[in-house]
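Chains, contacts and geometry: an overview
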Amino acid sequence: MRRLLTLIFFVAVSLKAVATMADVPNFDIKNLHISWEVLDNNYQNKQYSLTALTITNKGKQTLPAGGWKIYFNSSRNFMPDAVSGNAKILQVNGDLYSISPNDKFTAIKPGESTRIEYICDATVVNFTDAIEGPYFVWDAAPEKGYLPGDFSIKPLTPTYPGLITPEILYNQNKTIQDIPASQLQKIIPTPLSYTENAGNFMITNAIAIVSDPLFANEKAYLTNGLEKLLGSKIKGISKDKKIVFKKDATLGVEAYTLTVTPTGITISASTPAGLFYGIQSMQTAIAPSPGMKAQANIPVPCMEVKDEPRFPYRAVMLDVARNFQSKQQVLKLLNLMGVYKLNTLHFHLTDDEGWRIEIPSLPELTAVGSKRGHTLDSKAFLPASHGSGPDFNNAAGTGFYTKADYIEILKYATERHITVMPEIETPGHARASIKAMNVRYNRLMAAGDKAGAERNLLSDVNDRSDYRSVQYWNDNVIDVAMPSTYNYIETVVGDLVNIYKEAGAPLPAIHFGGDEVPAHVWEKSPAYEALKASNPAIQNTGDLWYYFYGRVNDILKKRNIRLAGWEEMALRKTMVDGQSTYVPNPQFAGENMQVDVWNNVLGDGQEDLAYKLANGGFKTVLTCVTNLYFDMANYKSYDEPGYYWGAFLGIDKFFSFIPYDYFKNADVDKNGRPVNRNLFIGKQRLTDYGKTNIIGLQGALWSETVKTPERMDYMIFPKLIGLGERAWAKDPAWATERDTTKARELYNADWSKFLNILGKRELPRLAYYNGGYNFRIPKPGVILEDGKYKSNIQFPGMVIRYTTNGIEPDANSTVYEKPIPANGIIKFRAFDAKGRGGNTAEVQNKQEPAM
């Protein structure tokens, strides 16, 4: 009987599937090509953009007028009704939207096109403002999505205020002095004390490396590095030429001394970390060879260096949750972090759009949370986000680090004296974990294990709270009133501790998020009502915040792990003169918590938040959006990728940052307009006590617009070198000079030195080092004077090439050496040592050339 029922069920399901497929039109979506464009970037004289999707049918069948939807991702809001009158746009959840044709939409015949025009409630600044990853779904088969044959973004020639033109770039670059390579400092970040002497020490494969036993790992590290440079094994047979590692207990934890003479190199330190940084300085002092080819003889300039870092915490925050990056790409980042003396990778492993680390005790976290595809219910995997599309084969949308992968990352980082701090987002930004634990609940309930099902549950199906996060999710906040939430945290922490122990890596802190929890969460949660009834300390949903982080802190403290979080973790909501405000929470002030403070957006009222928290006793990491966000666009130009909601942020923002007085370095607001200094009147300044709580700086790469390794490199490098300079080197003279004219002169001199070091030493090395890095090559500045074009570049030493026939310059185009007379379309483009080009500066001259 059971076999008969099974057969009947199978036949019924099969017939249903056949019937469903029969309802799907005989049309191959691959024959559709979609383009996106801006029609009006000041629509109706408002901060709106009128944009359009054009659907072109290149097949032989007609696309029907209905029975389908287009899904796409966008970080923006749209007016529901299409201006073209033929479709409606609705938000599904988060950044996922749908476009549904209405009864005015007409079928698209072979060879024809149809346009859907719609309004976005913001202007378009750069190409990353376009919609992402459109795909089709037939109404008759709603479980499957289909990518079109092509999706393209039409170029925009913008005219918006604040646009950075080639002429503006030229005038900015005019202040940069060209300094001979021989006169440049050989070590970056700038050492505490640096004296260069005449002569060189010559490294050959005969040198001997003599080391204190404490530095055995560092000896192996240097040996491996030198053998790659030499192209041969080190024999160690020389009795006269030696590299010596000495222990000096008088030096600080990360301090070192480096002495190079014609007869030897001596590096002294009290710890392996200090010795490692001495090695980095010695290696960066070696001039890059053409093409980084092996050399039998490697000269190291003679010098005396005494050095130690300004801040103990020097970090990069890497988000791999929104868009995933491979293990190999993470190792490449760690490599350069070590070179430029950064010592912490803040690893943002989880968010609404992805869970990226294997937790053996909770396999659903990756089985569900690491996959993105077409779904509207998230019952098996997560929906498409940030253009990841309908299928799992999108490398940015789907992926995670196995336990073995993560251990390899930890070991690689530890070898370079980098601590990897994992971030597990709570209670907001937690949709991936919430949906994964729902799947676990359903699986265990179906197996009859009710207790197991409820043990790690993060949401209550009966919670009717209505909210929307900043990223538009309505179901992404963990219910912190549920006891199972803390079982989940105990489980995740326990597995992380075991992984780090197996890797032999330190785990001094775990980051538990805390940012951007929206209003109205938990208000209609049965668990909240039950907790409030049994716990007198819980009077409103605001009290759940302190309850939650108090319990998480207790979980970590018993394992001797510090609780880290974003700034909101350390704040308490209160009233001042009848107005709601936030102040440092005295309940947590003595708990040794670490807070990463991002919010100093100029004009938004929180410019002094980092200083308030440091003055209030919190260990504070400056992650200021105005100066330290890698994902912000370099400047206002259509061809520069990235967000810009907090600032436009080039490498100058990293270099000019003054940690103890960032009001002083604030020159323009988030729209690029000059800052009114009255903005800082009444703002809290950093006290001497507060300075002791600024433990370091952190550059942050959020990855919404970062989908490939190449884009990751572009956004981070060479800004990372600017971060390393500010986090390691002492305060430069221009940072403390009170005379503004003199401070500007001092700054310009240092700025020129830094850019020359990048253009003539560091970037030629990075073009080839470790397989090569896809660092950003600046667009040339161009100006027309007396009928001739002049061009310059931000990084002296880079080659500028040009064309006068409108063709894109390549590595074989004419080298720019002097002003050129030309008519028509002239294009300038800079190239690195490997022949890789950057963005093109295009100008058009209709004048007659001067005689």
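Residues numbered from 1 in each chain as written. Predicted model: local features only at pLDDT ≥ 70, side-chain atom pairs only at ≥ 80, totals over all residues. Heavy atoms only, no water.

In this section: the environment of arginine 551. As for its placement among the helices and strands, arginine 551 is situated in helix H12 (residues 541-557). The class of arginine 551 is partly exposed, set by a relative accessible area of 33%. On a C-alpha basis, the gap between arginine 551 and valine 480 in space is 9.9 Å, while along the polypeptide they are 71 residues apart. (Helix = DSSP H or I, 4+ residues; strand = E, 2+ residues; numbered from the N terminus. Buried < 20%, exposed > 50% of the residue type's maximum accessible area, 1.4 Å probe, protein only.)

Looking now at the layout of surface pockets. Put simply, the second largest pocket is a space of about 1,200 Å³. Lining the second largest pocket are 44 residues, with Asp652, Lys653, Asp667, Arg744 and Tyr747 positioned closest to its centre. Broken down by secondary-structure element, the contributors of at least two residues to the lining of the second largest pocket are helix H2 (166-173), helix H15 (651-655), helix H16 (662-665), helix H18 (709-716) and helix H21 (740-766). (1 Å grid on protein atoms, 1.4 Å probe; cavity = no way out; pocket = protein on both sides within 12 Å on 5 of 7 lines; lining within 4 Å. Points joined across faces, edges and corners; volume = space filled by probe spheres on them.)

Where helix H10 (residues 483-503) meets H12, the closest approach of the two axes is 11 Å, and the angle between their N-to-C directions is 35 degrees. When the axes of H10 and H12 are compared, the crossing they make is right-handed. The residues of H12 that touch H10, namely those facing Thr485, Tyr486, Ile489, Glu490 and Val493, are Tyr547, Phe548, Arg551, Val552, Ile555 and Leu556. For the contact of H10 with H12, the class distribution of residues is eight nonpolar, one polar and two charged. (Axes fitted to C-alpha atoms, helices over the stretch in contact; angles between N-to-C directions. Left-handed = near helix turned anticlockwise from the far one by under 90°. Contact = heavy atoms within 4.5 Å. Nonpolar A, V, L, I, M, F, W, Y, C, P; charged D, E, K, R; others polar.)

Within the open sheet, the three strands sit side by side as S29-S30-S33. Their pairing is antiparallel. Each edge of the open sheet carries a strand with a single partner, namely strand S29 (781-785) and strand S33 (820-821). Here strand S30 (residues 788-792) runs beside S33; their pairing, made up of two bridges, is antiparallel. Bridged to tyrosine 789 within S33 is isoleucine 820. Those strands touched by H2 are S29 and S30, and its axis lies near 100 degrees from that of S29. (Pairing = 2+ DSSP bridges.)

Moving on to the nonpolar core. Counting residues in hydrophobic clusters, the biggest one holds 164 residues, and the most contacted among them are Phe347 and Phe828. By size, the runner-up hydrophobic cluster in this structure holds 38 residues, among which are Leu53, Phe105, Phe136 and Leu156. (Core = buried A, V, L, I, M, F, W, Y, C linked by side-chain atoms within 4.5 Å.)

For the structure on display, the rule yields two cavities of 30 Å³ or more. Space inside the largest cavity adds up to approximately 80 Å³. Taken together, 13 residues line the largest cavity, and the ones lying closest to its centre are Leu602, Thr626, Ala647, Lys653 and Val668. Of the residues that constitute the lining of the largest cavity, the class distribution is five nonpolar, four polar and four charged. The space that makes up the second largest cavity amounts to roughly 50 Å³. Taken together, Trp36, Thr51, Ser74, Arg76, Phe78, Tyr118, Cys120, Val124, Asp129, Ala130 and Ile131 make up the full set of residues lining the second largest cavity. Looking at the lining of the second largest cavity residue by residue, the class counts come to seven nonpolar, two polar and two charged.

Taken together, the four strands give an open sheet; going across it, the order is S4-S5-S3-S7, and neighbouring strands pair in antiparallel fashion. With partners counted over all chains shown, the strands left at the sheet margins are strand S4 (87-93) and strand S7 (132-138), one partner each. Neighbour-to-neighbour, the strand axes of the sheet open up by a mean angle of 25 degrees, direction not taken into account. Pairing of strand S3 (residues 68-73) with S7 involves five bridges; the strand directions are antiparallel. Residue isoleucine 70 lies in a different strand from S7, and its bridge partner there is phenylalanine 136.

Of all five residues in strand S31 (residues 799-803), four are buried, a share of seventy percent or more. By the bridge criterion, two bridges tie S31 to strand S32 (residues 814-815) in an arrangement that is antiparallel. Counted as the bridge partner of arginine 801 is valine 815 from S32.

A few words on the pairing of strand S16 (residues 344-348). The buried count for S16 comes to five of five residues, which makes it a mostly enclosed element. Side chains Thr344, His346 and His348 project from S16 onto one buried face, and the interleaved Leu345 and Phe347 project onto a second face that is buried too. Bridging between strand S15 (residues 313-319) and S16 involves five bridges; their strand directions are parallel. Its bridge partner lying in S16, methionine 317 is registered against histidine 346.

A side chain of one charge can pair with a side chain of the opposite charge if their charged atoms are brought near each other. Applying the stated criterion to the full structure yields 44 salt bridges. Ionic pairing is found between aspartate 391 and lysine 144, a salt bridge with its closest N-O pair at 3.8 Å. One end of the pair, aspartate 391, is in the loop between strand S20 (382-383) and helix H7 (403-415); the other, lysine 144, is in the loop between S7 and strand S8 (150-153), and 247 residues separate them in sequence. Its relative accessible area of 36% is what places lysine 144 among the partly exposed residues. Here lysine 827 makes a salt bridge to glutamate 842, at a shortest N to O gap of 3.7 Å. Residue lysine 827 is located in strand S34 (residues 824-831), and its partner glutamate 842 is located in strand S35 (residues 841-845); the two are separated by 15 residues in the primary sequence. Each of the salt bridges in this network shares a partner with another, and the network as a whole consists of Asp319, Arg322, Asp351, Glu353 and Glu704. (Salt bridge = Lys/Arg side-chain N within 4 Å of Asp/Glu carboxyl O.)

A word on H21. The axis of H21 is deflected most strongly, by about 40 degrees, at leucine 758. Capping the start of H21, aspartate 739 holds a side-chain oxygen 3.0 Å from the backbone nitrogen of threonine 741, two or three residues further along. (Bend = angle between axes of the 7 residues up to and from the residue. Polar contact = N/O pair within 3.5 Å; in protein donor to acceptor, adjacent residues only side chain to side chain.)

By secondary structure assignment, the location of tyrosine 816 is in the loop between S32 and S33. The sequence separation of tyrosine 816 and threonine 263 amounts to 553 residues, and the corresponding C-alpha distance is 43 Å. What tyrosine 816 contacts, discounting residues up to four positions off in sequence, is Tyr789, Lys790, Ser791, Ile800, Arg801, Tyr802 and Phe828.

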